[in-house]
Structures are given as structure tokens and as C-alpha cells.
Amino acid sequence: MPVPIRLRELIRTIRTARTQAEEREMIQKECAAIRSSFREEDNTYRCRNVAKLLYMHMLGYPAHFGQLECLKLIASQKFTDKRIGYLGAMLLLDERQDVHLLMTNCIKNDLNHSTQYVQGLALCTLGCMGSSEMCRDLAGEVEKLLKTSNSYLRKKAALCAVHVIRKVPELMEMFLPATKNLLSEKNHGVLHTSVVLLTEMCERSPDMLSHFRKLVPQLVRILKNLIMSGYSPEHDVSGISDPFLQVRILRLLRILGKSDDDSSEAMNDILAQVATNTETSKNVGNAILYETVLTIMDIKSESGLRVLAINILGRFLLNNDKNIRYVALTSLLKTVQTDHNAVQRHRSTIVDCLKDLDVSIKRRAMELSFALVNGNNIRGMMKELLYFLDSCDPEFKADCASGVFLAAEKYAPSKRWHIDTIMRVLTTAGSYVRDDSVPNLIQLITNSVEMHAYTVQRLYKALLEDISQQPLVQVASWCIGEYGDLLVSGQCEEEEPIQVSEDEVLDVLEGLLVSNLSTPVTRGYSLTAIMKLSTRFSSVNRIKKVVSIYGSSIDVELQQRAVEYNALFKKYDHMRPALLERMPIMEKTATNGPTEVVQTNGETEPAVGDAKHLPPVSQPSNQANDLLDLLGGNDVVPVIQTTVPTKPASAGGELLDLLGDLSLSSIPAMTAYNKNGLKIDFTFERANPNPNIAVITIHASNSTEADMTDFVFQAAVPKTFQLQLLSPSSNVVPALNQGTVTQVIRVLNPQKQQLRMRIKLTYTHKGSPVQDLAEVNNFPPQSWQ
């Protein structure tokens, strides 16, 4: 056979190809020659052929047919052959191929070889692609090499041990004796790899974590020597001694110091030293400072040290490098909840980042700005954020608008300011305002009784200027329908009232109905507004005519509304004023104190007491989520409550109360909870219209000598069920069984599955808060079959 070309010649030839087809043809021709050489068992040029095959593999061409040839090279006695063979094994083999098991014996022999470089090749290969079986078989050899005096082999053995632990965690204890002496090594390579090994062991085992905490003083000493040592050309990077080792030690300290007071105290001084002595003019120093900040934030550090860390992040915000600014914003966002005041000092710098050209930085700056909003800075921050909303890209407008709504609702200094802010967002963000914002804004306006005239006047003016912003039009239509009489009468104390007639208002609403800019939802709002004005305006005949026209609309929703409104005019005209009277103040929850969990758009929140001080309905609550997590991950559905009764629900309804204790249900009662004197009994009945709904009544009794106050019952069910939790009869469970608290639960079980439930009980007993969780799985079969 002709002598195969060298690797350099192949590379040179391939690079001359002008098209992909020409390159493919060259590769195929060379692969055919390599296959022929493999079939001939040509040992002379096997190494050269495998090297060329690896180059073709890196170009993306198939090279799997060379796997066995790599094994033959590994078995060779020549170092050059072994080197290419092991390299080929690392590139062409992985755990999915059974071929790699054939290497186990070769690697074992090479780990015991007399030449350190051959041993190093075997360690690198095992640490790169060793399977769990190979790691079990060869862990003993790795552990021996970890104790050798040769630093070249010790650092490679340490990295190989990391791979072994990842594959077979139960072998971790085998390496424990060898790791004790690693940190006393002077060689930086061995120190680095030993810290990586210690980090892996601590992350995987709590026992190892507590065991290695005694090494904190030694790690602190190593780090101190690094930052205090003089110039060392071997380890110097931009004037800093071995930054890679410093970063690794800082990460290990972060793991060891987390939730441990003694370890955290031992490393406080060295962290302050690193934070103040590290050079910041080069990126190397910034990397070390960033790791230092993360370590300070994760351990139980002193307050002054945390302030120092946040100030470092504040300096990062002034850096010209965009990556550093992004890292600083992300880190501040994580720490803003725990160190709010320290982050507040950098508020002006954070707000300046809103003007950055980089999209990622702007998004992080926006999120952090909303996190910094409080009652003291609400006016200034809203001014900046509204300016940002005015000029930002469309991708930011929806998130920014929602953030402004939430912040304004939580911290608004006055009703007038709140309404003005909402108006500004509606006119600025336009159609980017999310759909769920419209009902929330309507609720806010309804509850601001003294601002009705001012709001409807502002919204009417906005409609005259622009009807293209659909959320604005929807809110304006609703308000005009509710408070159109205030608009026409000119009752506005906040500013100069406008003079507008009934016909002008109706002209605007009719214009919305025929406008091409209006969505079907907006037309529905407009038609309903016109109908409401039939009880507030005198132009009833004109309104009748408009409503009758849309009785034949091609939009089914609009047609149905119009037909029903026509029926009101004709058959039920005597009921129309009552049906269309002004909406009452909308409460988010019952006002008698108990908790219930409300669902909106798949998210949950507990509703407790007065709704005025709660976050918007669309925000999830930790209290409800904690309960929902009890049923474990993906099989949990939120607890649903869509309607809140205005008075406490009785146990069986008024009719059952008339019948006394007569039970209409054949389902036996059960005790769901009995602990600490509190007993919860469940009684059952079926809902007549829907046999898939089980009505469960809880009876809470108290056998202790003191009343249980602030009693709250919560429940969660799997996702195949739906649950409605009504209000309890009281939030006080009387002592000595002198009375019971009742509460009704309705459970929809369409698939007739076995019912299970997690319950959460919260109450105050003898001045101490009590909270308990329980699982109920022993429901009678009749309750769910």
C-alpha cells in the first residue's frame, strides 16, 4: 500500500477546498484509504491514521470506525501511540459505547506504569470518560496515586477522584484519608485540584461538610499567603498571585461558612482583607472581588462586611465593561431583600443603568429599580420608571407597566397620585398593558369613591385624544358607564370640570363600537357602558336604538349582550334600574377575619382580613404556596375560591337548619384531625345538580380550657380535583367544647378518583401562635365514588 500522507499535508489539502462538496470528497477519499489501512492491520501508520481521523472528527465528519484502533494504540508500548490512543478514546468514546469497557484493563496497567507521563494519560482518560463500573474497578489505583509524593500525579489523581465521586458517590469515604494532607502541599497545582476535590465532597455530603469545617483556618492561612506574598512569575496574572486558586478557595469557604457561625467568624477578617487589598484595574481582580462578594453574602458575615460587599458591587456598576455591570445588577437583585438599606445607597447608579444601550442590563436595572421602591422614594422612583416606560423598547413595556401598577398600589402616597400614575401608564404603555391589569385597575377606581368624578373626567379626555390604546379604552368605557352622570353634571373638585353633554358622551362610545381599532373585548365594554347609561342619562330612546342594532351583530359575544339588553328594555324594564345600578366597593376577600385561598389565572394567594393592604390578586403568596407544596411538586392544583359569601356559610344551609340534626346523607362522618385539644370532624353530602361535587363540612371543637382565637383552616388537593373553600362561621373555637366552628368545602371530582387532602391549621392558644400540618387520606369511599 502507498504510504499515507501526514496530518499536516491532510490539513493543508483540506484547506485548499473551495466548496463544501470538494472538502467532503477529499474527506471521503482519505477515510477510504484509512479504512483500507485498518483492514491491513498496518501497525506502522496506525498512529498517523488515527490522528488524521481525530482531525476529521473535529471538523464534524463521522469517525466512529476508528474506536477499536484507539484501543490498539492504548495497548501499544510506545508513548506516542498511547498518547494518540488515549486522546482518541476521550474524543470518540463515551459511556454509551460498550467498547470503552475494554479499556479498563489497559488503564489499570498504565496507572501502575513506571513512567509518570503514561500514568498521567490514564488518569486524564479515566477522569474524562470513565463509567461508574470503570470508576469502581479503578478507584483503588486512583487513591494510591493520590498519596504519592509526585506532585504531577497528585494533581491529576485529585481531578480523577472528583470524577469518580460524581459517578459513584458511595466511594467518597475512600478518598477521605488522602485528602487530609493535600492542603499542606506547596505546589499550587496540587493545592488547586485538592480544593476542587474538597468542594465536590462538601457539596455532595453533609457529613463531609461538617468534617471539613475544621480546615477553615488552614484555608484562611493559604489565602492570606497568596494575597500577601511577593511577586512570583510562575503564578502571577496581571499582578495578582494565582487568581484561579484564590477563586477556588473563596468558593470552598462559601460552602463551609454557610449556616455556621464559627466558620463564618473565622473567615470574616480574611474576606475583608481580600475585598480591600485586591487590585480592581484588571479583570482578574474583579473576578476575585466578585467571588468575595458572593462568599460574604452566603455566610453569616458581619453587617459591616456585607455593606463593604454591596459597595464593591456599586463600584462594579461604574465599570465600562458591560459584563461586570450585568453581574453587579444580578448580584444586587439577589441581596436587595436582606440588605435593602445598603443597596438603596446605590439607587442613583442603578437608575442610570436604565439608560444603558445593552438590553440585558436594562432589564436587570428595571427589576432592581422596582425592588428598591418603598414609601419614602415612591415619587422619585416612579418619575424615573415612567420616563423609562416612555422611551424603552416594546419588549420592556408590559413588564414595566405591571411593575408600576404593583408599586403604585402598594406605596401610593395619595389617591390622586395613584390615579394620575395609572393614567400616565395607560396613555404611555398603551396596548402593552397586560389583560389582567384592566380588572385590577377597575377595582382600584371603584374603591376610590372620592376620586370617581376626577377619574372619569381624566379618562374621557384621554379617549378624545387617542382610542388606539385598548386597555385605556376598556377602563375608560367601564368608568364612563358607571360614572357618566358625574361626567355630565360637571362634579369635579380636583380640577376645572369640563362641560360635556349626554349626546357627546354617547357619540364617543358609539364611535368605539364602529372603530376598526377596537377589539371585540373593547366593543363589549362599550356596549355595556351604553346600556348602563340608560339609567343615568335621559336619552333612553337613543340607547334602545343602538342596542337593538347590535342584536344582529356577526360577533356572537356582542350579539348575545345586545339581545339580553333588549330583553331588559322589553320584558324586564321594571328591573333595569336595579340591575344596572352603580357597582359597590369591590372587596378582595371577606372582612370577618378568616383566610381563604383565591385563584386567578392559575396562581394563588391567601386572602386574610382587610383587602386594602394586600398585594394584587395576580401576585402569588408564600403562605398559600407553602401549603400547596405539601402535596409534592407537579401533582398539586391550587385551592380554588371564586366567590366569597357576604356572610358566614352555615353547615348545611338554612333548610337543613330547620330540620335540626336530621342527616340527609348516607356518607359516614370522620375525624380528620385530633391534636393538642383541637378536633376537626368532616361530615359529607352530595350536591344535587352535580353528583361529582362532594360538599364537606368541617366541625372544629376545642377541649382545652382556653379559647383558640384567630383560627384559620386551609386545604390543598391534587390537580385532578378542584376545591372551593367558603368562609367559616367564626374565627374563635370556644373552650371546653362549648361550641364548634363550621366551614364548608366543595370538592369537584370529575374522574371519581380517591380523595386526598393536605390541611394547614393556624390559631392562637394562650397567647402563643400555633401552626400545624396534616394529611387526610382516609376519606370514606362513598365521598368520592
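Here, the structure is the one placed above.
Sequence positions are assigned chain by chain, starting from 1 and proceeding in written order. Where local features are concerned, this predicted model is filtered to residues with pLDDT of at least 70; where side-chain atom pairs are given and counted, the filter is 80 or more; whole-chain, interface and lining totals use all residues. As a rule here, side-chain values come from all non-hydrogen atoms in the structure, and water together with hydrogens is ignored.

Caption draft 1: Representation of the overall build of the protein. Only DSSP runs of H or I with at least four residues qualify as helices, and only runs of E with at least two residues qualify as strands; both kinds are numbered from the N terminus onward. For the protein, the helix and strand inventory stands at 34 helices and 13 strands. Throughout, exposure labels follow a simple rule: accessible area from a 1.4 Å probe, protein chains only, divided by the maximum for the residue type, with under 20% read as buried, over 50% as exposed, and the rest as partly exposed. Taking all 785 residues of the protein together, 50% fall into the buried category. Contacts spanning at least 24 positions in sequence make up 67% of the contacts within the protein whose residues lie at least 6 apart. For the protein, the computed accessible surface area is about 37,900 Å², with 50% contributed by carbon and sulfur atoms. Here, two residues are considered to be in contact whenever any of their heavy atoms come within 4.5 Å of each other. All accessibility values rest on the Shrake-Rupley procedure with a 1.4 Å probe; residue burial counts only the protein chains present in the view.

Caption draft 2: Focus on empty space enclosed by the protein. Site definitions follow a grid-based scheme: protein atoms alone, a 1 Å grid, a 1.4 Å probe that fits but cannot get out for cavities, and for pockets an open set with protein on both sides within 12 Å along at least five of seven lines, plus lining residues having an atom within 4 Å of a point. Grid points are joined across faces, edges and corners, and a volume is the space filled by probe spheres set on the points. Under the defined criterion, the tally for this structure stands at one cavity of 30 Å³ or more. Of the volumes computed, that of the largest cavity is approximately 60 Å³. Contributing to the lining of the largest cavity are Arg686, Asn692, Ala694, Phe721, Val747, Asn749, Lys752, Leu755, Ser783 and Trp784. Nonpolar residues are Ala, Val, Leu, Ile, Met, Phe, Trp, Tyr, Cys and Pro. Charged residues are Asp, Glu, Lys and Arg, and all others, Gly as well, are polar. Grouping the constituent residues of the lining of the largest cavity by class yields five nonpolar, three polar and two charged.

Caption draft 3: Fine view of unusual backbone geometry. Positive phi is not limited to glycine here, since Asp710 has a value of about 50°. Along the polypeptide, Asp710 turns up in strand 9 (residues 708–718). Look at Asp710 and you get partly exposed, because its relative accessible area is 45%. Positive phi is not limited to glycine here, since Asn737 has a value of about 55°. With respect to the helices and strands, the residue Asn737 is situated in the loop between strand 10 (722–725) and strand 11 (741–748). The exposure class of Asn737 is partly exposed, given its relative accessible area of 48%.

Caption draft 4: Local environment of the nonpolar core. Only buried residues count toward a nonpolar core, which is a set of Ala, Val, Leu, Ile, Met, Phe, Trp, Tyr and Cys residues joined through side-chain atoms within 4.5 Å. Phe212, Ile249, Met382, Val425 and Val505 are the most contacted members of the largest nonpolar core, which has 171 residues in total. The biggest single contributor to this core is helix 27 (residues 470–489), with ten residues. Those residues in contact with Phe212 that sit more than four places away from it in its chain are Leu176, Thr179, Leu198, Met201, Cys202 and Leu256. With 32 residues, the next largest nonpolar core counts Ile698, Ala700, Phe713 and Ala774 among its residues.

Caption draft 5: Fine view of the packing of helix 21 (residues 359–372) against helix 23 (residues 394–411). Fitted lines through C-alpha atoms serve as axes, helices being fitted only where they are in contact, and the angles separating the N-to-C directions of these axes extend from 0 to 180 degrees. Across the interface, helix 21 lies against helix 23 with an axial gap of 10 Å and an inter-helix angle of 5°. Of the possible angle classes, the one that applies to helix 21 and helix 23 is roughly parallel. Seen from helix 21, the contacting residues are Val359, Lys362, Arg363, Met366 and Phe370; seen from helix 23, they are Glu395, Phe396, Asp399, Cys400, Gly403 and Val404. Along the lines of polarity and charge, the residues of the contact of helix 21 with helix 23 split into six nonpolar, one polar and four charged. Roughly parallel covers angles under 35 degrees, roughly antiparallel covers those over 145, roughly perpendicular covers 65 to 115, and oblique covers all other angles.

Caption draft 6: View of the sheet that holds strand 6 (residues 670–675). Two strands are said to pair when DSSP picks up at least two bridges between them. In space, the five strands of this open sheet follow the order 6-7-8-11-10, with antiparallel pairing throughout. With one partner strand each, in any of the chains shown, strand 6 and strand 10 form the two edges of the open sheet. Going from strand to strand, the sheet's axes swing by 20° on average, the running direction of each strand aside. Of the pairings in the sheet, the one linking strand 10 to strand 11 comprises four bridges and is antiparallel in character. Along strand 11, the bridge assignment pairs Gln722 with Leu748.

Caption draft 7: Quick peek at the pairing of strand 12 (residues 757–765). Counting buried positions along strand 12 gives seven out of nine residues, so the element sits mostly inside the fold. Pairing of strand 9 with strand 12, which is carried by seven bridges, proceeds in the antiparallel orientation. By the bridge assignment, Ala716 is partnered in strand 12 with Arg758. By the bridge criterion, nine bridges tie strand 12 to strand 13 (residues 768–776) in an arrangement that is antiparallel. The partner of Thr762 across the bridge, within strand 13, is Gln771. The hairpin turn running from strand 12 into strand 13, its antiparallel successor, is two residues long, and Lys766 in that turn takes a positive phi close to 55°.

Caption draft 8: Spatial organisation of the side chain of Thr335. Within the secondary structure, Thr335 is located in helix 18 (residues 322–335). Residue contacts for Thr335: discarding those within four places in its chain leaves Met297 and Val343.

Caption draft 9: Expanded view of the environment of Lys675. Checked against the element boundaries, Lys675 lands in strand 6. For Lys675, a relative accessible area of 40% translates into the label partly exposed. In sequence terms Lys675 and Asn702 are 27 residues apart; their C-alpha atoms lie 9.9 Å from each other.

Caption draft 10: Here's a closer look at a nonpolar patch on the surface. On the surface, a nonpolar cluster with roughly 280 Å² of combined accessible area is contributed by Met58, Leu87 and Leu91. Here Leu91 shows up in helix 5 (residues 79–92). Note on patches: the residues involved have over 30% relative accessible area and no salt bridge, like charges join within 9 Å, and the nonpolar side chains Val, Leu, Ile, Met, Phe, Trp and Tyr join within 5 Å. Take a side-chain nitrogen of Lys or Arg and a carboxyl oxygen of Asp or Glu: if they are within 4 Å of each other, that pair is a salt bridge.

Caption draft 11: Structural context of the pairing of strand 8 (residues 693–702). Of all ten residues in strand 8, nine are buried; the element is thus mostly enclosed. Both strand 7 (residues 678–686) and strand 8 contribute to a ladder of nine bridges, which runs antiparallel. Looking at the pairing, Thr683 lines up with Thr697 of strand 8. Where strand 8 meets strand 11, eight bridges bridge the pair, whose relative direction is antiparallel.

Caption draft 12: Spotlight on the packing of aromatic side chains. Ring geometry is summarised as follows: Phe, Tyr and Trp rings, the Trp one being its six-membered ring, pair when their centres sit within 6.5 Å, and such pairs are stacked at plane angles under 30 degrees, edge-to-face over 60 and tilted between the two. This structure, assessed with the given rule, holds six aromatic pairs. Both rings, one in Trp478 and one in Tyr483, keep their centres 6.2 Å apart while their planes meet at 75°; by these two values the pair is edge-to-face. Comparing Trp478 with Tyr483 shows no difference in burial state: the two are buried. Taken together, Phe682, Phe684 and Phe779 form an aromatic cluster joined through their ring pairs. A ring is considered to have a charge above it if a Lys NZ or an Arg CZ atom is located within 6 Å of its centre and within 35 degrees of its normal. Over the aromatic face of Phe65 sits the side chain of Arg35, whose NZ or CZ is 4.1 Å from the ring centroid.

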